[in-house]
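Architecture and fold: a report
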Amino acid sequence: MADLHAFVSVARAGGFRDGARISGLSASGLSEAVRRLEAQIGVRLLNRTTRSVSPTEAGYRLLERLSPALSEIEAAIDVAHGLRDQPAGTLKLNVPVSVARLVLPAIVPGFLAAYPDIRLEVIVEESFVDILAVGCDAGIRYDERLEQDMIAVPIGPRQQSFSLGASPAYLDRRGRPEHPRDLLGHACLQGRFPSGTAMVWEFERDGEVVRVDVMGPLTVQLGGATDLLVDVAIAGTGIVPLFEDWLRPYFESGALEPVFEPWWQRFTGPYLYYPGRRLVPAPLRAFVDYIKDVPSSDRARIHVPAVSTPRRKSRL
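Residues numbered from 1 in each chain as written. Predicted model: local features only at pLDDT ≥ 70, side-chain atom pairs only at ≥ 80, totals over all residues. Heavy atoms only, no water.

**Observations concerning the nonpolar core**
What counts here: As used here, the term nonpolar core means buried Ala, Val, Leu, Ile, Met, Phe, Trp, Tyr and Cys residues forming a set that is joined through side-chain atoms within 4.5 Å. Note on classification: 1.4 Å probe, protein chains only; a residue is buried when its accessible area is under 20% of the maximum for its type, exposed when over 50%, partly exposed between these limits. A run of H or I in DSSP counts as a helix once it spans at least four residues, and a run of E counts as a strand once it spans at least two, with each numbered from the N terminus. We call two residues in contact when some of their heavy atoms are within 4.5 Å.
If you look at the biggest cluster of nonpolar residues, it comprises 38 residues, and the most contacted ones within it are L164, L183, W201, F203, V230, L247 and L256. Contributing elements (two or more residues each) for this core: α5 (97-102), β7 (159-166), α7 (168-174), β9 (201-205), β10 (208-212), α8 (226-234), β12 (240-243) and α9 (244-253). With five residues, the single largest contributor to this core is α8. Sequence-distant contacts of V230, defined by excluding residues within four places in its chain, comprise V240, L242, W246, L247, Y250 and L256. With 22 residues, the next largest nonpolar core counts L104, I118, Y274 and V288 among its residues.

**Brief notes about the pattern of salt bridges**
The condition that has to hold: Take a side-chain nitrogen of Lys or Arg and a carboxyl oxygen of Asp or Glu: if they are within 4 Å of each other, that pair is a salt bridge.
Counting across every chain of the model gives 12 salt bridges. Put simply, D227 and R101 hold a salt bridge, and the shortest N to O gap is 3.4 Å. Here the residue D227 occupies a position in helix α8, and R101 occupies one in helix α5, the gap between them amounting to 126 residues. Judged by its relative accessible area of 31%, D227 falls in the partly exposed class.

**A few points about the packing of helix α1 (residues 2-13) against helix α3 (residues 27-41)**
Threshold: Here the axes come from fitting lines to C-alpha atoms, over the contacting stretch only for helices, and the angles between their N-to-C directions go from 0 to 180 degrees. Working rule for angles: under 35 degrees goes down as roughly parallel, over 145 as roughly antiparallel, 65 to 115 as roughly perpendicular, anything else as oblique. Each crossing gets its handedness from the near helix: less than a right angle anticlockwise from the far helix is left-handed, clockwise is right-handed.
Their axes nearest at 8 Å, the elements α1 and α3 cross at an angle of 115°. What the angle tells us is that α1 and α3 run roughly perpendicular. As for how α1 packs across α3, the hand of that crossing is left-handed. Residue-level contacts link D3, L4, A6, F7 and V10 of α1 to L30, A33, V34, R36, L37 and Q40 of α3.

**Quick word on helix α10 (residues 282-293)**
Residue pairs spaced three or four apart in an α-helix point in one direction, given the helix's 3.6 residues per turn. Definition in use: Expected helix span is computed as 1.5 Å times (number of residues minus one).
For α10, with 12 residues, the first-to-last C-alpha span of 17 Å sits near the 16 Å given by 1.5 Å per residue. Among all positions of α10, only A282, P283, L284, A286, F287, V288 and I291 are buried.

**A few points about the sheet that holds strand β6 (residues 150-154)**
Inclusion rule: Following DSSP output, two strands are said to pair if at least two bridges run between them.
What the five strands build is an open sheet, ordered β4-β3-β5-β15-β6; its pairing is mixed. Single-partner strands in this sheet number two, and they are β4 (118-124) and β6. Each adjacent strand pair in this sheet contributes to an overall mean axis angle of 25°, direction not counted. Sheet analysis places strand β3 (residues 89-95) next to β4, joined by seven bridges and oriented parallel. Note on β4: the bridge partner recorded for L91 is L120. Against the sheet, α10 touches β3, β4, β5 (138-141), β6 and β15 (271-275), its axis set at about 150° to β15.

Here it is as structure tokens:
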């Protein structure tokens, strides 16, 4: 079992050093464990070069079968831990950046205070992933991206909206659009998902739905570069589309001005999801129970980083 865990750690991390950092073992120990496992099985599991480590075809197949099996074993141990007075262990969540920024800050501090023996690990990833294959206990995504065989639990605000904003200087210079079609004459700052799909600009008012194929000077991959869209919009370069809660501090400070707010689309808030056909680890069960007990008014209270006074002055 130790050798199997060593192989999974290295294969997931893409190297012995990164595997050692994640697993807490030494790189040499992991290397020896993998060599021992390869000798026992009789096939090479990893391709090793001076720059990278990647699974062979046999390694990929073993990893694919091992990940859910090891997760089941870990879940069984966690269930046993759950018989303690306080749940203990590690809870790994896979979430998009919008959830990490807008939803979890209102939940995580209280949860960790209530369960001091639980360690929470949050992996931020925009792509929809197989949570078991990547070693996570649960994920948080929006309903249109959930798989059918998953258990889904509402988390965070139950309704959110997508907004548009631009600096007052930009709107004074280029005009204030009143209808989505007016965006065709504006500089639109765009986001693209890691899959390569561009973010859709879609609006709705009184039953009328309008989708606009916009053009603009800047496109960024959503995730770590999302704040760049905001900064560029504040500088007066164009119109930024983003969660209303993300842009709200800039609307309140005057750094950005809302653009045809009546057309903003509203949508259902995110869900925590996890496989239904497995034992639920004690830390995950505690988290599910916690978010179910949080009053809806508290769940809707989204934490948004404050916009500092010096930054406001420098942008206006």
